[in-house]
Structures are given as structure tokens and as C-alpha cells.
Amino acid sequence: MKTKISLYVHVPFCSRKCVYCDFTSVVNEKLIPSYFEAMEKEIDLRSCKNFEVFTMYFGGGTPSHVDVGYISKLMKKIESAFEINAQEITLEMNPEDVTDDKCHRLKDLGVNRISLGLQSSSNEILKVIGRPYTLEDFLKRYYIVRKYFNNVNIDLMYNLPFERLSDVESDLRIIESTRPDHISFYELELHEGTPLYSMVNAGVARLPSEEISERMYDTIVDGLENFGYKRYELSSWTLEKPSIHNINYWENGEYLGIGVSAGSHIGTERSVNLSDINDYFAKIRSNLLPYEYHKNNSLKEEIGETIFMGLRLARGINENDLRTKFGSELTAIYLEKLDKFRGYFLESKDGFLRFTKEGMKFSALVLSELV
Amino acid sequence: MYERKFIRNISIIAHIDHGKSTLADRILEMTHSVDLRKMRDQYLDSMEIERERGITIKAQPVKVMYDSVDGNRYEINLIDTPGHVDFTYEVSRSLAACEGVILLVDATQGVEAQTIANAYLAIDNGLEIVTAINKIDMPNANIEETQRELYDTLGIKPEETLLVSAKTGQGVRELIEEVIKRVPPPSGSEKDTLRALIFGANYDPYKGAVAHIKVVDGKVSKGDLVRMMSSGQSHEVSEVGIFAPDLYPTDSLSSGEVGYIAANMKEVSQARLGDTITLNSNPATKPLPGYKEMKAVVYAGIYPSDPQDYDNLRKAIERYKLNDAAFVFEPDNSAALGFGFRCGFLGLLHMEIVIERLEDEYDLDIIATAPNVIYEIVMADGSVKRFTDPSKIPPEGTYIEIREPYVNLTLITPVDSMGDLVNFIQNEKRGEFVSTENAGKNRVTLHFKMPMGEMIFDFFDKIKAISHGYASMDYEIDEYRKSDLVVIGILVNKERVEALDTVVHASKAYNVAKALVESIAESIPRHQFEIPIQATAHGRIIARATVNPFRKDVLAKCYGGDVTRKMKLLKKQKEGKKRMKMLGSVEIPKETFLSILSIGKENKN
């Protein structure tokens, strides 16, 4: 029997770099053809025969920034290398790239879920963070996407520079009127080395105060629930279509990542690809897997990761499943680390250990116990 | 020995960054003294911290042989001097070992306060001064203005100055020729009873303390039994030698020569700076003039971050002490910080250097408390006690008076900022204006008397800010004066933290208390509960700030490729927390204990 895996493809190209982004992205379009060739070669370097792909995800960067032809060619390569039985194929799009033609062609390729990056409904904030569209542009493109796809995610962020509570309320109104199937709503993380980090430190950009930020969080959590969205993961909400691909990550399932900085988890093997595109090219050219990090996880590391990721899901982790997989002794050791949070931040229900609503708010504090 | 008339003992006096080390490098190069392969950028700055900061802290002498145009071969002993006000006494002893100095002034910066102070030290020691204006190759060099400043401040005439570029080597040979012509050879007689001046020392794991000496009279040889005149201790000389520039053993050193002796001394405090070495069998009647005991003037607590490291810290401090006679320490303990040491330093830079070296060289994580000066208290019975720790000062009302040390402060600054500087020192720093003099075109020298305690926080940076970076300063300890001082105590979450005790003048108690609690509150991370920070004086609370509880701590998005990175990130944050001190249920980072030092610094947020 074949191993069921998720397949992730990283397309690092962007028309411009957003000020907050610390993901691997490349603005040099000349590299697009060789990058896609390199990814085909990476697929050759992986022994893929025993894998059955049940979800696929094209993330970035901005996969919509490259010509669909590249995606199409790579898709053929994937189909020849793996057995494909995909229930969900997601592709991330930026509003400015959306056209009828592109959507049509992507749908023909089998893409059945689109993740659209809005980030904020405030045109001023969009400008500050370097997104090249307005809310009005977004809405037009959103309805184009809607014509072709019945599973659409909207990415939003809060705690953005200069953001006010009213901006978040406006985000919610947009959701109420557009009714996407899925919403990812993240708190902006300030990463060292990003332009925004320097801007904030120099006082050029100002982030909301903690108090406002907390009110934003509460507004989002309560607002989305009122609209009928179910929060099935710390930062994911859906009407009725949770992301099968992402759930596989959170269940610490098996997945293969292709392209720069992509992560893989096959069996107990954990690896992350090189994040520099030139390093990646060099390795592939010498017929080597482009690892930046590669290790066979110990049982302890596996259970640590499994709980770490699993608690992100609203339903939590099944304690019996843990015992079956990792033994009752190790499970007890790990669950004990979280004992002090039980009652207030964590609760057990129907054999599942999970965050309370308050606990989700302090998830970083709780999960730190596991590292 | 080398014929005395061909010996020149000199120092280079220069302000930080005026090119002293570069000039020394050129001289070494020109005399082929250092194998080029071995030559580091700046040979004389041998300590890591010095090299990192580009400043010389401790003198490391070097002997070079120079072939003059007059056909003779000269021995030149270059005695380097520290370049910071904390080390004035060390400079004065180095100069006492010389017959002349090169006064090096940067043509792009002009004359600085410390250069003048050191030049006066040289004049006081009766040394010949050869003045050189450096960096003349720079486009912004202003030779005429620098000459004018030299004339105004030190009476050095423009025609007496040499023009050099230590970087390119231009004028350096002429400079050495001038030194040979003008600086006299050492005087003294080989036939007299031995008197050798200790102008420096370092610790060598095999030789013990190595004293850097200049033989003024007589001769010292391997095997001699010598006596330290200040302590009366005797030692047998196990090795005599010269700096070439590494230690190079010889049979003896004679009058006029510069070199070193090792004599099985266990620590450098046995080879005291400024002390006179004589022969045990035939001792000199009078020591060489100028010896002073080096006294610590600034104290701070030093504790291991992890209490388990106490023994390692003790060993490190004891080892460090071997090499630094000016550093003093005694065991101490604090309710908040556990077992540690109360340590004394020559000044703030000295303190910074010691802590950095303990952390770097001994791989320790150290918590230092804010530095303070030594207070004198006249007790009820009339006796005078000295306090190096504010938390040990007895309660108000139980003593007659409290006194604090004053310094004589000298600043050189552009005329533009003179008004603001005088205002600042008089109105905010309790300073008394003494006098002013011209120091070149548009520059003045200002003299003040000021409490030394006022220099500890919000001083150096402010002086630089007010003068746009142009002011330079020098100070010396003056006298103790009666003062209206109060101890500000700090409560963190209602618990007294004695390690945060601070002494301030009563007139400033409220302002400092307010700034201090705010600074402390800012340095403590948010907890899940509210933490009040209170300041007390005269037995009541006079200021309060609050560390607000954190409101959320959401782990942001995390997908497949991110797990490893996310977990690592959390781990790093967690380790950062581990290094904090637990005070009851409050985690306090080590920076908190230095909060007083950040008062007045610009708030970035």
C-alpha cells in the first residue's frame, strides 16, 4: 500500500516584497524558468514512487505571479512521478494577478481551492505594507475567482502598522459581505531583518498598542463566530470547508515539500530545504537534495511536534491516539508538562486535550512548555 | 648594557582615535621590530577588548632599535599609555619612566581635554615634549587650527610642531629623528644603589606577576634579592629581560634601561604600580617620588546569573585579580541575587572592562548592579565610616552626617555649547563653575567641581549630546563634602529589592525615583499579573509605575515547513527567560539592575 502524503510546492516569486514578509521570496523574474526546471529535478531526486498524494498546495511567494504554463508543466511532472488522488489542490493568488483566463486555466489543471491574500481592507494600510491593490480591486478580483471556484480562502492580518480597531471591524464587514468559505486571520509577527522591523524600531511605523491588539483579537474571534464561521484552528475559520492540506500539517501527518524553504515530514524524517535560491540551484545541479536541515526525529521529538501542532486544532489531540503511537510512558511525560495549564487554558473532553477559548489567546505561553 | 647616550625612553600621548596605535605600528615597521607576518594591525593594543574598541587600556612597552641618519643606532623604548580618565595614575607612572613624550594630535579633531591633562602630566614629570600633528593626509585636516589650539592650550608654538601621517608614514622618520635630537638620554648612575620604577605589570601563568620597570639608578640582575619599598616584601629575581616586543630574557638591566623582572610574585598587586624596587642587601634610602596606592572609587555588586556558578565566579574573580591590582572585591550577598561580590573599580570604564572580561574570558553570565561612589558617614559617636553599598547605609536619623566625593572636572568644548553645558552641570548635576580659559579658536576649557555620583548616570551621553559630540573631558577626585543625600529603595511587586538601592541628592529624589521606577517597569517583561514598582525615600513611597499584565500571547500561523523554526524560536525565547532572576513570582532580567544607567537616555518608543 502506498503512503498517503500531502505535497507542497513553494513558488518564491513576487512582484514586490511586502514590508513584513520574512518568507523566502524572490523578485528576479529571470530565475522563474530555471527554478521550475530545478523543482522538476528535485522531484526526480526524491523517491516518489510509493507516495499517493491526497492534497496539494502551491504556496509562496506568489504562485499566481508566474505564468500558468509553469504550473501546468510542473503538474504534469508531478502526475508522472506520484500517484495522484487529490481531494484538495490549493493555489495562493494575489488579487492583482487574478484574471478570468488565469482562473479558467488553473481550474482546468485541477486546482479546486484558491487562497486569496487580502491582508487588510484599509487602502492606507495596504499602501504602508506594500500591497499593490486597493480594496475595490480586491473585490472585483474576488468575484472573478468566485465564478470558477467554490472553495475560496481569504488571508487577513491584524496588528498591522497604523491599524485601528475600526479597520478590523471593516475587515469583518468585508467577510460578512463576501462570505468566503475559509478565513485565515493572523496576528502580524514582527520579524527581525524585515523592513517593517526597522521601520518600527526607528519610529517610522507604529504598531497598535497591546490593549488595542487584544481588542482586535476579541473582535475577530467573536465577530467571525457571529457570522457562522467555525474556528477549527488557532488562526483558521471556515463555514464548512476546513483545509484538508493544512489539517494534515497540524496532525503532524506526512508531507513532502518541493522548492526553496519547503518542509517535509515523511515517517519520522524531518527536513527543510535551503532558503536561498542560489544555494538551492547549486545543490540540485550537483544532484543532491537541497537540505538546509535534515534529521531523523527521535520518538520524543515526534511526540513533541505532534502535541505542538495538534493543539493548534480546536478539537485538540486525542490522548489515546498519542498513547497508541508513542507509548503511555512517553505520553504521560509530555502531557504532564501541560498539567499546570489544565482547567483554565486547557481542557479534556471526549478523550481530547484542547485549548479553552482563553487558552487559545495564550497559546504561545502554553506551547513553550513543549520546546 | 647599551650605552646610555643611545637610549631614548618615550611615551606617545594621544586622545582615543588620534592615531597612537597606528603611529606605534609605523615605528615598529620602520625598525623591522615585528615580523610582518606576525604583525597584527595594532601590535601594542594586545588585549581583546582594547582591540575591539580601538582604545588602549593597559600599557604594553616595546623596545626597538633605530638607525639614525647621524650614523648611530639608538635603543628606543616605547611605553604605551592608557587613553582613558579612569587610568590617570597609570599614565602618570608610565610617563615617570620616560624622558620625553610624543604629543600626537589629530588634525581633523583638534586638541582634546584628556590630551591636555596628559600633556600637563608630562610637563609635571619634567619631560621633553615633541609635538606631532597627525592625519595630515586627510582632506578635512585643519593643521593651522590645530596649531593654534596647541598654542592656546599648551603654549606650543606652530614652528615646534611636526606634521605626520601615521597611516601613510609621511613625516614619521623626521619625527623619530626629532625625538633622538630633543629627548635626553636617561640620567642616573649604574654605580648607585638600585632604584627601579614599576610602571606596569601583567600576570604570566608561568612567571607569576611580571613587573614592567625602568631602572633609574644601579643595576638589577637575575638572582638578586630585591625589595619592594612600599610593602617591604622581598623577592628573588628569577628572570630579567626586555620587551622585544615579547618578553626576551637578558642577564641584567642597568640604569636608564626599560624592561621587566619576574620574581615569583603571585599576583600583580605585589608589583605595585609606582613602587620602587631596590636591593635587599643594599637598600636605597628614599623611594622614587610619586607612588600612590591605587584606590577604587566606584563600587558595584557582581553576581552569577545562575547561583550555581558562584564558585566559578569566585575563581574567575580571583584569577582576574592576579592581573589587575586596581580591582578589589569582597564576598557579599543579596536577598534578590544570592551570593556574589562587592567590587571596586577605578571608574565606570574600568568596571565595564572587568565585567566584559569576566564574561568573555571565563564564559560566565554575570548580573551587575548599578555602580555607586563611596559614601562617608559620620556616625553618632563621631567616627567616620565608609560605605561602598547604598543598601548598607544606616537609616536616616541614626548618624550625624553623610558625605560624598567631589571631582575636579575639566571640559573642552566649542563655545557654542558652552552655555548649555554650564547650565546642565550647574542646574542638573549640582556642579559648581570654577573658571574658564580659551582653548583655540571658538573653543573653551571649563573647570567645575561636581559630585562624582552625578557622573554615574545620564552624564557622559548628555555631555556628548549637548556638545554635538565635540566636548571632551577629564576629571580627578577632589574632596569629600557633607551633602543632603537620601537612599531611594525599590519595591518590586511589594518586595524590597536592596540591590536596586540608589543614593541621590534630596533635591532630586522625586525626579530620579520617578524615572527609576519607569525605567525598571520598562525593563521587566509583562507577566500574567500586574506588577507594581514602587520607590521609597524617607520611609514612604514617593513614586510608582506598573508593569501591565500581558493580554494575549497567540502563536501565529504555523504550517509544515515552519514547525522546526517555530519551535526553535520559542525555545530561544524560553531560554532568554531562564536567564532571568526569579524574585517571588516575578522574572527580572539582568538589565533591570542597571536601570538607573538608562535614565535620561532617549526613549525610542
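First, a word on what this report is: a plain description of the structure on this page. (Residues numbered from 1 in each chain as written. Chains lettered and ligands numbered in written order. Predicted model: local features only at pLDDT ≥ 70, side-chain atom pairs only at ≥ 80, totals over all residues. Heavy atoms only, no water.)

Some remarks on the overall build of chain B
Here's step 1: Counting secondary structure elements, chain B contains 13 helices and 34 strands.
Here's step 2: Counting the 605 residues in chain B, one finds 56% classified as buried.
Here's step 3: By sequence separation, contacts in chain B at least 24 residues apart represent 69% of the contacts at least 6 residues apart.
Here's step 4: Surface accessibility of chain B: about 25,900 Å² in total, with carbon and sulfur atoms responsible for 47%. (Helix = DSSP H or I, 4+ residues; strand = E, 2+ residues; numbered from the N terminus. Buried < 20%, exposed > 50% of the residue type's maximum accessible area, 1.4 Å probe, protein only. Contact = heavy atoms within 4.5 Å. Areas by Shrake-Rupley, 256 points an atom, 1.4 Å probe, with all protein chains shown as cover.)

Looking at helix H1 (residues 20-30) of chain B
Residues and elements named next belong to chain B.
Here's step 1: Of all 11 residues in H1, eight are buried, a share of seventy percent or more.
Here's step 2: Listed in full, the buried residues belonging to H1 are Lys20, Ser21, Leu23, Ala24, Asp25, Arg26, Ile27 and Leu28.
Here's step 3: Turning to H1, the residues buried within the fold contact strand S1 (7-14), strand S2 (62-67), strand S3 (73-79), strand S4 (100-106) and helix H6 (172-182).
Here's step 4: One or two positions beyond H1, positive phi appears at His32, with a value near 50°.

A short note on the pairing of strand S2 (residues 51-60) of chain A
All names here are of chain A.
Here's step 1: Among the 10 residues of S2, 10 are classified as buried, and the element is accordingly described as predominantly covered.
Here's step 2: Bridge count between strand S1 (residues 3-11) and S2: nine bridges; the pairing is parallel. Paired with Ile5 across the strands is Val53, a residue of S2.
Here's step 3: When S2 meets strand S3 (residues 83-93), the two strands line up parallel, connected through six bridges. Following the sheet pairing, Tyr57 is matched in S3 by Thr90.
Here's step 4: Taken together, S2, helix H2 (residues 68-81) and S3 constitute a β-α-β crossover, and its handedness is right-handed. (Pairing = 2+ DSSP bridges. Right-handed = clockwise from strand over helix to strand, strands pointing away.)

A few points about the pattern of salt bridges
Here's step 1: In this structure the tally under the stated criterion is 61 salt bridges over all chains.
Here's step 2: Taking the shortest distance from any N to any O, the salt bridge between A:Arg342 and A:Asp339 comes out at 2.9 Å.
Here's step 3: On the basis of relative accessible area, A:Asp339 is assigned to the partly exposed category, the value being 37%.
Here's step 4: A salt bridge links B:Asp217 to B:Arg195, with the nearest nitrogen and oxygen atoms 3.2 Å apart. Linking B:Asp217 in strand S8 (residues 208-217) with B:Arg195 in strand S7 (residues 195-204), this pair joins segments that are 22 residues apart in sequence.
Here's step 5: By sharing partners, the salt bridges in this structure join B:Glu404, B:Lys429, B:Arg430, B:Glu454 and B:Lys508 into a single network. (Salt bridge = Lys/Arg side-chain N within 4 Å of Asp/Glu carboxyl O.)

Description of the interface of chain B and chain A
Here's step 1: Opposite the 26 residues of chain B that make contact, chain A presents 40 residues.
Here's step 2: Carbon and sulfur atoms supply 60% of the area buried between chain B and chain A, which totals about 3,200 Å² over both sides.
Here's step 3: Of all residues in chain B, B:Arg551, B:Lys552 and B:Tyr559 give up the largest surface area on contact with chain A, accounting jointly for 22% of the area buried on that side.
Here's step 4: The tally of links from chain B across to chain A stands at four salt bridges.
Here's step 5: With a shortest N-O distance of 3.1 Å, B:Lys552 and A:Glu187 are connected by a salt bridge.
Here's step 6: Taken together, the connections running from chain B to chain A amount to 10 residue pairs in polar contact (both at pLDDT 80 or more).
Here's step 7: Per-class residue counts for the side of chain B that touches chain A are nine nonpolar, four polar and 13 charged. (Buried area = accessible area lost by both parts, 1.4 Å probe. Polar contact = N/O pair within 3.5 Å; in protein donor to acceptor, adjacent residues only side chain to side chain. Nonpolar A, V, L, I, M, F, W, Y, C, P; charged D, E, K, R; others polar.)

A word on the state of the cysteines
What makes a disulfide is a covalent bond joining the sulfur atoms belonging to two cysteines.
Residue and element names in this part refer to chain A.
Here's step 1: Applying the stated criterion across every chain, the model contains zero disulfides over all chains.
Here's step 2: In this structure Cys18 is not part of a disulfide, and its nearest cysteine sulfur, from Cys21, lies 6.3 Å away.
Here's step 3: The buried category is assigned to Cys18, whose relative accessible area is 11%. (Disulfide = S-S within 2.5 Å.)

Points about the sheet that holds strand S15 (residues 352-355) of chain A
Residues and elements named next belong to chain A.
Here's step 1: Spatial strand order, S13-S15-S14: three strands in an open sheet with antiparallel pairing. Taken across any chain shown, the strands that pair with only one partner, and hence form the sheet edges, are strand S13 (317-318) and strand S14 (346-349).
Here's step 2: Relative to S15, S13 runs antiparallel, the two being bridged by two bridges. Residue Ile317 lies in a different strand from S15, and its bridge partner there is Leu353.

Let's talk about the pairing of strand S32 (residues 540-547) of chain B
Here's step 1: Note that strand S31 (residues 531-537) of chain B and S32(B) share seven bridges and pair antiparallel. The residue of S32(B) that forms the bridge with B:Ile531 is B:Val547.

Examining helix H5 (residues 135-148) of chain A
It helps to recall that an α-helix has 3.6 residues per turn; residues three or four apart then point in one direction.
Residue and element names in this part refer to chain A.
Here's step 1: Here H5 contains 14 residues, and its C-alpha end-to-end distance of 21 Å stays within 8% of the 20 Å for a straight helix at 1.5 Å per residue.
Here's step 2: Every buried residue belonging to H5 is among Leu135, Phe138, Tyr142, Ile144, Val145 and Tyr148, and all of these are buried.
Here's step 3: Buried-residue contacts for H5 involve helix H3 (100-108), strand S4 (113-119), helix H4 (123-129), strand S5 (152-158) and helix H6 (165-178). (Expected span 1.5 Å × (residues − 1).)

A closer look at the environment of B:Asp137
Residues and elements named next belong to chain B.
Here's step 1: Take Asp137: it is sitting in the loop between strand S5 (128-134) and helix H5 (143-154).
Here's step 2: Asp137 gets classed as partly exposed once you look at its relative accessible area, which sits at 30%.
Here's step 3: As a C-alpha pair, Asp137 and Thr108 span 29 residues in sequence and 9.9 Å in three-dimensional space.
Here's step 4: Look past the residues within four positions of Asp137 in its chain and what remains in contact with it is Ser165, Lys167 and Thr168.
Here's step 5: At 3.0 Å, the side chain of Asp137 and the side chain of Ser165 are in polar contact.

Regarding the packing of aromatic side chains
Given two aromatic rings, their pairing is described by the distance between the two centres and the angle made by the two planes.
Here's step 1: All chains considered together, the criterion is met by 27 aromatic pairs over all chains.
Here's step 2: Positioned over the ring face of A:Tyr334 is A:Lys337, at 4.6 Å from the centre of the ring.
Here's step 3: Here the basic side chain of B:Arg481 rests over the ring of B:Tyr406, its NZ or CZ set 4.0 Å away from the ring centre. (Phe/Tyr/Trp six-rings, centres within 6.5 Å; stacked < 30°, edge-to-face > 60°. Lys NZ or Arg CZ within 6 Å of the ring centre and 35° of its normal.)

Notes on empty space enclosed by the protein
Here's step 1: In the structure shown here, the tally under the stated rule is two cavities of 30 Å³ or more.
Here's step 2: Forming the walls of the largest cavity are 14 residues, and the residues nearest its centre are A:Tyr158, A:Phe185, A:Tyr217, A:Leu234 and B:Val554.
Here's step 3: Among the secondary structure elements, those contributing two or more residues to the lining of the largest cavity are strand S6 (182-187) and helix H8 (210-226) of chain A.
Here's step 4: For the lining of the largest cavity, the residue count by class is 10 nonpolar, one polar and three charged.
Here's step 5: The calculated volume of the second largest cavity comes to roughly 30 Å³.
Here's step 6: Taken together, B:Ile10, B:Ile27, B:Ile76, B:Leu78, B:Ile102, B:Ile176 and B:Val179 form the lining of the second largest cavity.
Here's step 7: Of all the secondary structure elements, the ones that give two or more residues to the lining of the second largest cavity are S3 and H6 of chain B. (1 Å grid on protein atoms, 1.4 Å probe; cavity = no way out; pocket = protein on both sides within 12 Å on 5 of 7 lines; lining within 4 Å. Points joined across faces, edges and corners; volume = space filled by probe spheres on them.)

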